[in-house]
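# Summary of the model geometry
One letter stands for each residue in the lines below.
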Amino acid sequence: MNAETRRAIELRGVALHQGGRSLLRSIDLTVEEGQACAVVGSNGSGKSALLRIVATLCRPTAGRVRVGGWDALAYPERVRPMIGYVPDEPGLAERLTPMEHLLMVAAQRGLGRADRRAAAESMLDLVDLVEQRQSPVEMLSRGQRRRLAIALALVHDPPIVLLDEPLAEVDEVGRSELISVLVELRAMGKTLLLASQAQSDIAEVADVVVPLVDGSLEPAAVRAATSFTWIEVLGDPIVAVRRLRERPGIDDVRHEGNFITFRGPVAPEQRAEVAEWLVAQGIHLSGLGITGTPAGGDRP
Amino acid sequence: MRTLALIRWELVQAARAAAPHVALTLAGLASTGLVAGGVFLLDLWSPFPATVNAVTTVVWTSSSTAPALSSVIGEHRGGVAYFVLLVWFTIIAVIVGPALTAGALVRDRQSGRLDRLLADASRSDAVVLAKLCAGLVPLLLVLAGGSPSLSFAWLVGGLASQEAVAGGLVLLATIVLIVAVALVCSAAATTEVAALVSSYLVLGTILVGPLVGGAALVLAGLRAPASALLAVDPLVALLSAQSRLASGLAGTVLADLLSPRQALAIGKTTAPMWAADVLLYLVVASVLVWLASVIVEPLHPVKTWRLRRSDGEGR
């Protein structure tokens with residue numbers, strides 16, 4: 001296990017000015033591989049603009065963006081295959097069927113003829129649209145359209161998925177169906193970056209919640225939603241558990257053998273600081289990362 | 001392969017959106033086939049002989065210049081009919097082409113579909129090429145529906161098959177240019193109305209501009225540049241494609257007003273002007289398509305070359 005997790009998305013000093021207005025101001029954000037990060041803010045706070053920048057569909061006025069290690073602004077053609085993007089408006093063709101949509105996107109994404117149908121079938125199964133596979137999109141409900149949009153974003157099996165308002169204007173039934181799809185994506189190890197107006201919408205999915213107010217991130221308010229930091233220690237875990245419980249800002253410390261989980265700071269730098277502090281306390285680590293399950297549950 | 005998939009997708013959408021229209025066009029094509037068969041039979045037996053100079057000398061006797069013009073028109077009436085019909089087709093294409101294409105990228109941008117297409121296709125030139133085809137194919141089908149009217153040219157005297165093919169090629173290249181203009185206007189405009197209006201303005205300038213400019217240059221005594229400018233006009237190119245008709249007209253009163261260049265000499269090679277025009281229209285259309293792809297792609301290499309240069313390998 002690597003002590004240092006890889007960064008899937010990294011924004012540094014990203015700003016966007018359009019029409020004399022500042023949509024985004026000096027955004028610094030890091031999303032690690034396998035993490036589900038939710039950007040939460042009201043209408044016009046800049047969430048969609050942020051996602052479009054990461055999706056290489058909008059050029060920021062200033063700043064750098066790295067996705068999967070690539071400079072996303074200089075090499076969008078390298079980044080786009082790594083991303084599945086679900087825009088706020090699904091942009092579906094009303095007269096075509098979900099199956100036709102999926103086969104077309106699979107072809108565009110470069111899947112071989114033999115693989116396209118299998119990928120499409122698998123996606124229909126994932127988003128529970130098998131029965132509607134041959135119905136024109138105009139016959140689908142809003143929730144079903146959202147699910148189809150998610151399926152289209154996933155048909156090429158991207159490691160990073162960007163979802164803009166995935167639960168907006170969806171009824172209660174559709175909402176629970178969509179949440180189960182998002183939870184399944186997380187379980188598949190996808191890196192998720194979600195934009196949402198309400199934290200309650202994505203509480204069951206997101207590891208980290210990032211508030212965005214008038215185009216600015218509030219670093220102090222960045223918090224873990226449901227995730228735990230995990231460490232694996234060499235030697236006696238009890239000392240590490242005790243030290244962690246004594247440290248301010250850390251709670252819910254649990255352990256199972258040498259595997260310890262706790263709630264606390266989620267920024268990579270802050271977690272690295274905790275790790276260094278433990279090492280300074282004479283505790284040797286063999287691994288560090290994040291998980292949605294506390295110790296005693298399934299191992300990551 | 002990816003671009004072909006995108007083109008197929010756009011065409012399937014267009015077909016589903018206007019199935020009755022496609023059915024009508026297919027009916028038009030079927031009637032074209034019937035008329036083609038009829039023309040073949042007429043070619044074996046036609047009530048009109050190809051050369052009827054005597055008719056015109058009877059009608060035009062009062063003017064020193066008119067008889068010559070009418071004589072040429074009478075002699076080449078099949079070519080004249082074909083030319084007039086192609087001009088009519090060009091005008092239809094100028095009206096219908098932007099209506100089919102100018103909104104394509106604007107609508108997709110507003111509905112968020114352009115984002116999806118760019119994200120899925122990875123390359124904006126594939127998206128724009130698919131849009132070009134999606135605009136081009138319905139327009140060609142509409143014009144194909146009217147193609148039976150071309151039989152009129154054979155009914156009144158006919159024309160050489162080479163001239164018919166040349167005129168068809170000029171029309172085809174003009175149509176590609178029309179759709180490309182509408183597409184680049186669609187890429188640059190923020191509303192459908194703006195895209196449509198700007199398309200009509202640009203196309204109007206392309207169709208009428210050289211004629212007006214050429215006439216102005218003639219009046220200014222600059223006949224050589226006037227000749228070159230007139231030659232690039234799509235309507236004049238259609239006329240140039242009827243080489244015998246164009247040569248005939250060159251000896252009439254029109255020669256004093258309009259005298260477009262008939263051939264282009266490059267080194268020791270001389271090409272007919274209509275062929276040079278076809279090439280010119282296709283090159284300009286290609287440049288416009290590329291320009292549209294630059295406009296719609298926010299991170300096109302043209303816009304980010306500094307970043308690429310400064311970032312080396314990018315990771």
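Just so it is clear, the structure is predicted and the values come from calculations on it, not from any experiment.

Across its full length, chain B holds 17 helices and two strands. Looking at the 315 residues of chain B, the share that counts as buried comes to 39%. Long-range pairs, those at least 24 residues apart, make up 78% of the contacts in chain B between residues at least 6 apart in sequence.

To continue, consider the overall build of chain A. Within chain A, the regular secondary structure consists of nine helices and 15 strands. In terms of overall size, chain A behaves like a compact globule, its C-alpha atoms giving a radius of gyration of 20 Å where 300 residues would be expected to give roughly 19 Å. Seen along its three principal axes, the alpha-carbon backbone of chain A occupies a region of about 65 × 45 × 35 Å. When each of the 300 residues of chain A is scored for burial, the buried share is 47%.

Let us look at the sheet that holds strand β2 (residues 21–32) of chain A. Strand order in the open sheet formed by four strands is β2-β1-β4-β5 (chain A), with antiparallel pairing between adjacent strands. Each end of this open sheet is capped by a strand with a single partner; those strands are β2 and β5 (70–71) of chain A.

Glancing now at the pairing of strand β1 (residues 7–18) of chain A. All names here are of chain A. Two elements, β1 and β2, share eight bridges in a ladder whose sense is antiparallel. Directly across from Val 14, in β2, lies its bridge partner Ile 27. Counted along the chain from β1 to the antiparallel partner β2, the turn is two residues long, and its residue Gly 19 has a positive phi close to 55 degrees. Alignment of β1 against strand β4 (residues 62–67), held across five bridges, turns out to be antiparallel. The partner of Ala 15 across the bridge, within β4, is Ala 62.

At the junction of the two partners, chain A supplies 32 residues and chain B supplies 26 residues. For the side of chain A that touches chain B, the elements supplying multiple residues, two or more each, are β5, α2 (76–79), β6 (83–86) and α3 (98–108) of chain A. Considering every element that reaches the side of chain A that touches chain B, the biggest residue donor is α3(A), with four residues. Classifying every residue of the side of chain A that touches chain B by side-chain character gives 17 nonpolar, five polar and 10 charged.

This part takes up the packing of helix α8 (residues 124–146) of chain B against helix α10 (residues 161–188) of chain B. Residues and elements named next belong to chain B. Relative orientation of the contacting elements α8 and α10 amounts to 130 degrees, with a least axis distance of 10 Å. Taken together, α8 and α10 sit at an angle that is classed as oblique. Classified by chirality, the crossing of α10 by α8 is right-handed. Only Ile 175, Val 176, Val 179, Ala 180, Ala 182 and Leu 183 of α10 make contact with α8, whose side of the interface consists of Val 128, Lys 131, Leu 132, Gly 135, Leu 136, Leu 139 and Leu 140.

Right, let's get into unusual backbone geometry. Residue and element names in this part refer to chain A. Residue Asp 128 is not a glycine yet carries a positive backbone phi of 60 degrees. If you trace the backbone, Asp 128 turns up in the loop between α4 (113–126) and α5 (142–154). By C-beta crowding, Asp 128 is classed as partly exposed, having 14 other C-beta atoms within 10 Å.

We now examine the nonpolar core. Side chains that are nonpolar tend, in soluble globular proteins, to be buried together. Membership of the largest hydrophobic core comes to 158 residues, with the highest contact counts inside it found for A:Val54, A:Ala151, A:Leu162, B:Ala180 and B:Leu183. Take this core: its biggest share by element is 17 residues, from α10(B). When sequence neighbours within four positions are dropped, the list of residues in contact with A:Ala151 reads A:Leu102, A:Met123, A:Leu124, A:Leu126, A:Val127 and A:Leu129. If you look at the next biggest cluster of nonpolar residues, it comprises 14 residues, including A:Ile231, A:Leu278, A:Ile283 and A:Ile290.

A word on the confidence of the model for chain B. Residues and elements named next belong to chain B. With 80% of its residues at a pLDDT of 70 or more, chain B has an overall mean of 81. Taken element by element, the predicted model of chain B shows its lowest mean pLDDT in helix α3 (residues 53–59) (37) and its highest in helix α16 (residues 273–296) (95). Between residues 51–67, whose pLDDT stays under 50, and residues either more than four places distant or in other chains, the model counts 19 contacts. Here the predicted complex scores 0.76 on pTM and 0.70 on ipTM.

Another aspect to go through is the sheet that holds strand β13 (residues 251–256) of chain A. Residue and element names in this part refer to chain A. Pairing in this open sheet of four strands is antiparallel, and the strands run β13-β14-β12-β15 from one edge to the other. Each edge of the open sheet is held by one strand with a lone partner, namely β13 and β15 (284–291). Sheet twist, expressed as the average angle between the axes of neighbouring strands with direction ignored, equals 20 degrees. Sheet topology places strand β12 (residues 228–234) next to β15; seven bridges connect them, and they run antiparallel. In the strand pairing of β15, Glu 232 is matched with Gly 287. Running at roughly 175 degrees to β13, helix α8 (residues 237–246) makes contact with β12, β13 and β14 (259–263) of the sheet.

It is worth spelling out helix α7 (residues 113–121) of chain B at this point. Counting buried positions along α7(B) gives eight out of nine residues, so the element sits mostly inside the fold. For α7(B), every residue scored as buried is listed here: B:Leu114, B:Asp115, B:Arg116, B:Leu117, B:Leu118, B:Ala119, B:Asp120 and B:Ala121.

Bringing the packing of α10(B) against helix α11 (residues 192–219) of chain B into the picture now. All names here are of chain B. Packing of α10 against α11 brings their axes to within 8 Å, and their N-to-C directions diverge by 140 degrees. Relative to α11, the element α10 is oriented oblique. Classified by chirality, the crossing of α11 by α10 is right-handed. Seen from α10, the contacting residues are Ile 178, Val 181, Ala 182, Cys 185 and Ser 186; seen from α11, they are Ala 195, Ser 198, Ser 199, Val 202 and Leu 203. Of the residues contributing to the contact of α10 with α11, the split by class is seven nonpolar, three polar and no charged.

A word on the environment of A:Val40. All names here are of chain A. Structurally, Val 40 can be placed in strand β3 (residues 36–40). Its 23 C-beta neighbours within 10 Å are what place Val 40 among the buried residues. Once the C-alpha coordinates of Val 40 and Gln 199 are considered, the two residues, 159 residues apart in sequence, prove to be 6.3 Å apart. Look past the residues within four positions of Val 40 in its chain and what remains in contact with it is Ser 196, Gln 199, Val 209, Val 210, Pro 211 and Leu 212.

For the rest of this paragraph, the subject is the pairing of strand β2 (residues 269–272) of chain B. All names here are of chain B. Here strand β1 (residues 263–266) runs beside β2; their pairing, made up of four bridges, is antiparallel. Bridging from a neighbouring strand, Ala 265 pairs with Thr 270 of β2. The loop that links β1 with its antiparallel partner β2 comprises two residues; one of these, Gly 267, has a positive phi angle of about 65 degrees.

The subject of this paragraph is the environment of B:Ala160. Residue and element names in this part refer to chain B. Relative to the helices and strands, Ala 160 resides in the loop between α9 (151–155) and α10. What makes Ala 160 partly exposed here is the crowd of 13 C-beta atoms within 10 Å. As for Ala 160 and Val 170, which are separated by 10 residues in sequence, their C-alpha atoms are 16 Å apart.

Conventions used here
- For every chain, the first residue of its written sequence is number 1, and the numbers climb from 1 along that sequence.
- Naming scheme: in the order in which they are written, chains are lettered from A and ligands are numbered from 1.
- Selection of residues for local features in this predicted model requires a pLDDT of at least 70, selection of side-chain atom pairs for listing and counting requires 80 or more, and totals for whole chains, interfaces and linings are taken over all residues.
- Secondary structure follows DSSP: runs of H or I at least 4 residues long count as helices, runs of E at least 2 residues long count as strands, and numbering of each begins at the N terminus.
- The burial label depends on the number of other C-beta atoms within 10 Å of a residue's C-beta. Counts of 20 or more mean buried, 12 or fewer mean exposed, and intermediate counts mean partly exposed, with C-beta atoms placed from the backbone.
- Working definition of a contact: two residues with C-beta atoms, positioned from the backbone, lying within 7 Å.
- To get the radius of gyration, use the C-alpha atoms; to get the globule rule, take the number of residues to the power 0.38 and multiply by 2.2 Å.
- Here the rule is simple: two strands pair whenever DSSP picks up at least two bridges between them.
- Gly counts as polar in this scheme, as do all residues outside two lists: the nonpolar Ala, Val, Leu, Ile, Met, Phe, Trp, Tyr, Cys and Pro, and the charged Asp, Glu, Lys and Arg.
- In this description, a line fitted to the C-alpha atoms serves as the axis of each element, helices being fitted only across the stretch in contact, and the angle between N-to-C directions of two axes falls anywhere from 0 to 180 degrees.
- Our angle categories are set so that under 35 degrees counts as roughly parallel, over 145 as roughly antiparallel, 65 to 115 as roughly perpendicular, and the remainder as oblique.
- Put simply, a crossing is left-handed when the front helix is turned counterclockwise from the back one by less than a right angle, and right-handed when it is turned clockwise.
- Note on terminology: a nonpolar core is a set of buried residues of type Ala, Val, Leu, Ile, Met, Phe, Trp, Tyr or Cys, with members joined through C-beta atoms within 7 Å.
- For every residue, the predictor states its confidence as a pLDDT score lying anywhere from 0 to 100.

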